Structures are given as C-alpha cells and as structure tokens.
Amino acid sequence: MSAIVLAVAKAPPTYQRVAVIAIAVLVLALVVELVRRRRLMERYALLWLLAASGLFVLGVWQGLLTTLATDVGIRSAPNALFALGFAFVVALLLSLTLVISRLSDQNKQLAQRLALLANRLEELEREPPEP
Amino acid sequence: MSRYLAIVPALNEAGSIAQIVSEILLHAEEFDVLVVDDGSDDDTAAIAAAAGARVLSMPFNVGIGGAVQCGYLYARDNGYTVAVQVDGDGQHDPRDIRRLLAALAEDPPVEMATGSRFLGAQDGYRPSRPRRAGIRVFASLVSLITGQPVTDATSGFRMSARRGIELFARDYPPDYPEVEAILLLHAHRLRVREVAVTMRARTSGRSAIAGGVQPYYMAKVLFAVFVGLLRRRPALERDES
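Residues numbered from 1 in each chain as written. Chains lettered and ligands numbered in written order. Predicted model: local features only at pLDDT ≥ 70, side-chain atom pairs only at ≥ 80, totals over all residues.

(A) Highlighting the pairing of strand S2 (residues 31-37) of chain B. All names here are of chain B. For S2, the buried fraction is high: 6 of the 7 residues fall into the buried class. Where strand S1 (residues 4-10) and S2 come together, 7 bridges link them in parallel fashion. In the strand pairing of S2, Tyr-4 is matched with Phe-31. Taken together, S1, helix H1 (residues 17-27) and S2 form a β-α-β motif whose crossover is right-handed. Between S2 and its parallel partner strand S3 (residues 54-57), the chain crosses via helix H2 (residues 44-50), and the hand of that crossover is right-handed. (Buried ≥ 20, exposed ≤ 12 C-beta atoms within 10 Å, placed from the backbone. Helix = DSSP H or I, 4+ residues; strand = E, 2+ residues; numbered from the N terminus. Pairing = 2+ DSSP bridges. Right-handed = clockwise from strand over helix to strand, strands pointing away.)

(B) The arrangement of helix H7 (residues 178-187) of chain B in detail. Counting buried positions over the 10 residues of H7(B) gives 10, a clear majority of the element. Once H7(B) ends, the next one or two residues include Arg189(B), with phi positive near 60°.

(C) Main features of the sheet that holds S1(B). Residues and elements named next belong to chain B. Within the open sheet, the 7 strands sit side by side as S3-S2-S1-S4-S6-S5-S7. Their pairing is mixed. With one partner strand each, in any of the chains shown, S3 and strand S7 (192-196) form the two edges of the open sheet. Here the average twist between neighbouring strands, direction ignored, is 20°. Taken together, the 3 bridges between strand S5 (residues 112-116) and strand S6 (residues 158-161) define a ladder with antiparallel strand orientation. Residue pairing in the sheet places Thr-114 in a bridge with Arg-158 of S6. Along the sheet, helix H3 (residues 64-77) contacts S1, S2, S3 and strand S4 (82-85); its crossing angle with S1, the most-contacted strand, is approximately 160°. (Axes fitted to C-alpha atoms, helices over the stretch in contact; angles between N-to-C directions. Contact = placed C-beta atoms within 7 Å.)

(D) Representation of the confidence of the model for chain B. Averaged over every residue, the pLDDT of chain B is 86; residues scoring 70 or more account for 88%. Here the predicted complex scores 0.80 on pTM and 0.78 on ipTM. (pLDDT = per-residue confidence, 0-100.)

Here is the structure:
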C-alpha cells in the first residue's frame, strides 16, 4: 500500500499520463460503440472523436501541453487544459443548437405539409371525382 | 378571376371561433374562411368547420408564424389572389375587411394593407401602457427602416395580394411575425398601406405576449430586425417595370 503511494508521489506525471490516456481511450471506445449501435450518428460523433483524440495526443506527447500553454502565455498547464475543454464544450453546444434549429424548421414544414394534405384528402373524400 | 381568403389562426378558441367565422361570412361574403387550428386541445376545429370554414389542423402546436404561413401556403396552392389575416380571438372586426380590400386597390396599388389601431380616431380597445410603449418603439423603427410612416407595426390584421401571398408562403417568421413581415415586404420592394381600424378587446383566449414574455418579445423582434437588415436582399421581384 505504502509502496504504491510512494511510487505515485515519486512519478506523478506518469500516473497522470496513464489516467489521461485511459480516459481518452474509454471515450473513443464509447463513441465508436454508440455509433456501432446506431445510437449516435457519424456526423455528430466527429466532434467527440476529435476531443478524445486531442486528449489522447496530450497524454502520449509529454510536454506538448506545457509548450502550448507557455506559447500562448498561460503560466500553468492545467489552466490551458481547462481553457481547451471549455472551448470544446462551447463549440459542441453551438453545433447542437444549430442542429435543433434545423430540426424545428423541418418539423414545422412537415406539420404544414401534413395539415395541407389532410385538408386536401378530406375535400377529395367529400366530393368523389365524376366517373 | 379574383379569389379571396380569410386566414384565421386559432388556438383553443372554441368559445369565439364560430362567431368570428360567421361574422366574416356575413360582412365579407366574397371571402372563403380558412381556420388554421394550431393544435388546440378543445373543439376549435370542429366548431369552425360547422360554422362554415375550411379547416387546416396542425398536428401539434407549431406557433403563430408557422400556422399563419400554412394559411398562406393554402392560399398560394389554391390560387387565391388576396388573403387577409384575422385573429381567432375576436380582436379584429370583420367589418373592416372590405375597407382593407379597398385600400389594397387604391392608387397606387399596394401589395399589403394593414389595419392600424393608431391611425385616425382612437376608440375601442387600448393596450396597456408598457405595451403601447413597445408598440411605439417598433412603429418608429419600422418607419425609419422603410422610410414611410408606419403607425402600427405590430398589427396582425393585414391583407396581402398575390405576390405577398407567394412571399409569405415561402418565407415567414416563425414567431412574433408582425414586425418582420412588414420589413420582409419592404426588402422585396413591395408597398404597404395602413388603414385605420378599431380593435376590440379579445373575447376569449389570451395574448401570446402576456406578462413576463414582453421583454423576450422585444429582444427577439429587435434582434430579428437587426439580422434581417444584414441579410442579402432576396430580389425575387427583379423587374418592377
């Protein structure tokens, strides 16, 4: 028990890396599985795949996050990670509202078409065409 | 041949729809009446049909804009040359329909005639003070943008000729459509004329813009007007000559 604690304390970056890579792989696997079961459409899976891949790269490529953070002037690397995560969530939300807008417009058009067709059908049933 | 249609959007107006339908048939008998039932829970559709109206039943509530647009789609597909919108809650007096029709044909002919509460003698129904303030803001804004005086930009009582019908069938704001509809016509270089009408207090139902919704209404319409100005003018009427 104490040996494990010691090992983690000695080499936290490695432990974190393993955790990050594991999470990335899990998310990737989950997305692929959802697509496989047709619960998630490919086109909406892309953003998630992108995020999981990004996480994977950050986990494998040690120092990338620190380099990126320093380049844009963020002192602590975790903050850069938060900023990235936040940007991803915002992008995902925007794409979702885009999808909802399109769906409600199509939904409206379907309802209108249905109402017009139902009215037409009723009219036709009321006055059958001359033989 | 001229064919006239009165589009009556209605949501849970079982108490007043029969009266409106028969009033339109009485005071504007050259008009066919089309009630668009926007997913009512009550017997609005059946009562309207029994009163002599054609009825479009939306399968669920699509909102006032979608319901009215469905009426314009019906007018377009069935070759109507004039369509007038009359609210299903009794606010609009069917006796004014013929006056709108006359205004449409006045010289120079216009594509849309709207009934204004604030033109001429002001009697009958008066909106509450905050509501009047909002109405005035939109009237000034629309006057500014269109370059012609508009006293009542939020009136839902309006009549369109064929090109207006075709335009609204294709493109109509999904909610709170009144202000945007005028600007849409302006963007297509179609002319509008106002007619003084008296509006009555509603006999049933409730306003879609009640209570806390008003700030949202203002914000939504202002934003829609702004974005509308940024949109490319969809020049469907290329030749005026």
